[in-house]
Amino acid sequence: MSGEQDLTAEGGHGAVPLAGVPVAKKEHSAEREWPLYEVFVRGKRGLNHVHVGSLHAADDEMAVRHARDVYTRRNEGVSIWVVRADAVTASSPDEKDPLFAPSGDKVYRHPTFYAIPDDVPHM
Amino acid sequence: MTTTQVAPDADDALLAQFEATIGRSDRIEPRDWMPDAYRKTLVRQVAQHAHSEIIGMQPEGAWITRAPSLRRKAILLAKVQDEAGHGLYLYSAAETLGVSRQELTELLIEGRQKYSSIFNYPTLSYADVGTIGWLVDGAAICNQVPLCRTSYGPYGRAMIRICKEESFHQRQGYELLSTMMRGTDEQRAMVQESVDRFWWPALMMFGPPDADSPNTAQSMAWGVKRNTNDDLRQRFVDMSVPQAEALGVTFPDPELRWNAERGHHDFGEPDWDEFMQVVRGHGPCNTQRIAHRRRAHEDGAWVREAATAFADRQRSERAEAHG
């Protein structure tokens, strides 16, 4: 079986080749790409803004406009936040990160830690 | 083949953690450690899925100015705009893997990354708008619904958004065809002719038979892919047959019949030689599709540059004002 025939249905809209397809370019074009923005949408009043994805825009105002067109075409939102991706500071993705260790052994912070007799109402 | 081995310098502990996450059917998230081959497989898959959505705007986009009514025109505009949106959700997911959208666009217009072969067929009549919605988007739904549970978090989340919108695409197509089927004999003939042209290419959308898809096993082990090509194709045929009956059209396959023993429909073999020709770039519209995408990209360059210059000026003026 040649590499060229190595196709998969995972193109979503149909079969595309996986073998022999590059995933990166050696040299980029000279064009400066618009910065990447992360987009957060409030679905309706009473809910938090939730991260929905990202997009490129030349500036903050354009990012809001693009976010409306890309992420709220069907009334998915009543409010949008955008923030440049390079302005986000995040914790380490490692689940064993000591950052989260302090909450690991404090079972007394959960209501289920406390035994209450079954016949005590409204607890 | 690079997709079956992990990076040789991979730390065993990291690999074990990665495999444990996959094993729990948990999601891999952007900044997690992942084997290089997993990352590359995903970039290829998500990027080419994005390209398919973007190129997929062209066959139907051609009918926007010729839609028969304002209602149909508004629907078609919304649909084509959705395809652009789907492309952007997917480029956004691909970018979490460390590639840039600009880079991927360049790989597309240089012909180095591909898109689904279905979009290399022309849309010869307005009925094709309906057939694409019904059969092509129907096949896409079969492919995409299982991908909502794919192991890479951003890809799965993009697929959930896309699947919600695909349902509109399929229903508007089917309704369009139903309306034509209630029209004149000429309109009914147009629908049948269109279905005859798109049936086999739609079946080919699921890719070659499983025996000829060596990547499937690795992609399934990683939870990137959830069903085999043949499983999905069978599911699509079984779904489509009663829909065709309700519509009053037939599929151009003399071997298509219900098999009570299997509980599925039997059907003929698509012409895989034709499929390979189209994938290799010899389909009816390959050259036209890429040329159009390249032109749109290059004609838009001055707009991107002007917006960048304007943003730069706004920033420097603000900086001066704050002195």
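Above this text you will find the structure in question.
Structure report, in brief.

Turning next to the overall build of chain A. A count of helical and extended segments in chain A gives two helices and five strands. When its helices and strands are written in sequence order, chain A yields β-β-β-β-α-β-α. For chain A, with 123 residues in total, the buried portion stands at 32%. Restricting the contact set of chain A to residue pairs at least 6 apart, pairs at least 24 apart contribute 38%.

A separate point is the packing of aromatic side chains. Applying the stated criterion across every chain, the model contains 13 aromatic pairs over all chains. Centre to centre, the rings of Tyr71 of chain A and Tyr89 of chain B are 5.6 Å apart; their planes meet at 25 degrees, and the pair counts as stacked. Of the two residues, Tyr71 of chain A sits in helix 1 (residues 60–71) while Tyr89 of chain B sits in helix 4 (residues 70–95), which places them in two different chains. Given a relative accessible area of 1%, Tyr71 of chain A falls into the buried group. Residues Tyr108 of chain A and Phe113 of chain A carry aromatic rings whose centres are separated by 6.4 Å and whose planes lie at 75 degrees to one another, so their mutual orientation is edge-to-face. Taken together through their ring pairs, the aromatic side chains of Trp134, Tyr174, Trp199, Phe206, Phe236 and Phe251 of chain B make up a single cluster. The side chain of Arg66 of chain B reaches across the aromatic face of Trp63 of chain B, ending 4.1 Å from its centre. Lying over the aromatic face of Tyr89 of chain B, Arg161 of chain B brings its terminal NZ or CZ to 5.1 Å of the ring centre.

Residues and elements named next belong to chain A. Inspection of the sheet shows strand 3 (residues 36–42) paired to strand 4 (residues 49–56) by seven bridges, in the antiparallel sense. Looking at strand 4, one finds that Glu38 is bridged to Ser54. Between strand 3 and the antiparallel strand that follows it, strand 4, lie six residues; Gly46 among them carries a positive phi value of about 100 degrees. As paired elements, strand 3 and strand 5 (residues 79–84) share six bridges and run antiparallel to each other. In the sheet register, Glu38 faces strand 5, and the bridge partner there is Val83.

Attention now moves to the environment of Gly56 of chain B. Residues and elements named next belong to chain B. Tracing the backbone shows Gly56 in the loop between helix 2 (36–55) and helix 3 (57–61). On the accessibility criterion, Gly56 (3% relative accessible area) is buried. For the pair Gly56 and Glu83, spaced 27 residues apart in the sequence, the C-alpha separation amounts to 6.9 Å.

Here the focus is the sheet that holds strand 4 of chain A. The strands making up a sheet associate through hydrogen bonds between their backbones, and the pairing can be parallel or antiparallel. Residues and elements named next belong to chain A. Taken together, the three strands give an open sheet; going across it, the order is 4-3-5, and neighbouring strands pair in antiparallel fashion. At either end of the open sheet lies a strand with only one pairing partner, and these are strand 4 and strand 5. Here the average twist between neighbouring strands, direction ignored, is 25 degrees.

The subject of this paragraph is the interface of chain A and chain B. Contacts between the two partners involve 49 residues from chain A, matched on the other side by 74 residues from chain B. Both sides of the chain A and chain B interface together cover about 5400 Å² of buried area, and 49% of this is carbon and sulfur. The salt bridge partner of Arg32 of chain A is Asp312 of chain B, with a shortest N-O separation of 3.1 Å. Where chain A meets chain B, there are 16 residue pairs in polar contact (both at pLDDT 80 or more). Every element with two or more residues in the side of chain A that touches chain B is listed here: strand 1 (7–8), strand 2 (16–17), strand 4 and helix 1 of chain A. No other element matches the four residues that strand 4 of chain A contributes to the side of chain A that touches chain B. Within the side of chain A that touches chain B, the residues separate by chemical class into 21 nonpolar, 13 polar and 15 charged.

The rules behind the values
- Residues numbered from 1 in each chain as written.
- Chains lettered and ligands numbered in written order.
- Predicted model: local features only at pLDDT ≥ 70, side-chain atom pairs only at ≥ 80, totals over all residues.
- Heavy atoms only, no water.
- Helix = DSSP H or I, 4+ residues; strand = E, 2+ residues; numbered from the N terminus.
- Buried < 20%, exposed > 50% of the residue type's maximum accessible area, 1.4 Å probe, protein only.
- Contact = heavy atoms within 4.5 Å.
- Phe/Tyr/Trp six-rings, centres within 6.5 Å; stacked < 30°, edge-to-face > 60°.
- Lys NZ or Arg CZ within 6 Å of the ring centre and 35° of its normal.
- Pairing = 2+ DSSP bridges.
- Axes fitted to C-alpha atoms, helices over the stretch in contact; angles between N-to-C directions.
- Buried area = accessible area lost by both parts, 1.4 Å probe.
- Salt bridge = Lys/Arg side-chain N within 4 Å of Asp/Glu carboxyl O.
- Polar contact = N/O pair within 3.5 Å; in protein donor to acceptor, adjacent residues only side chain to side chain.
- Nonpolar A, V, L, I, M, F, W, Y, C, P; charged D, E, K, R; others polar.

Interpretation note: all reported values are geometric properties and have no functional meaning in isolation.
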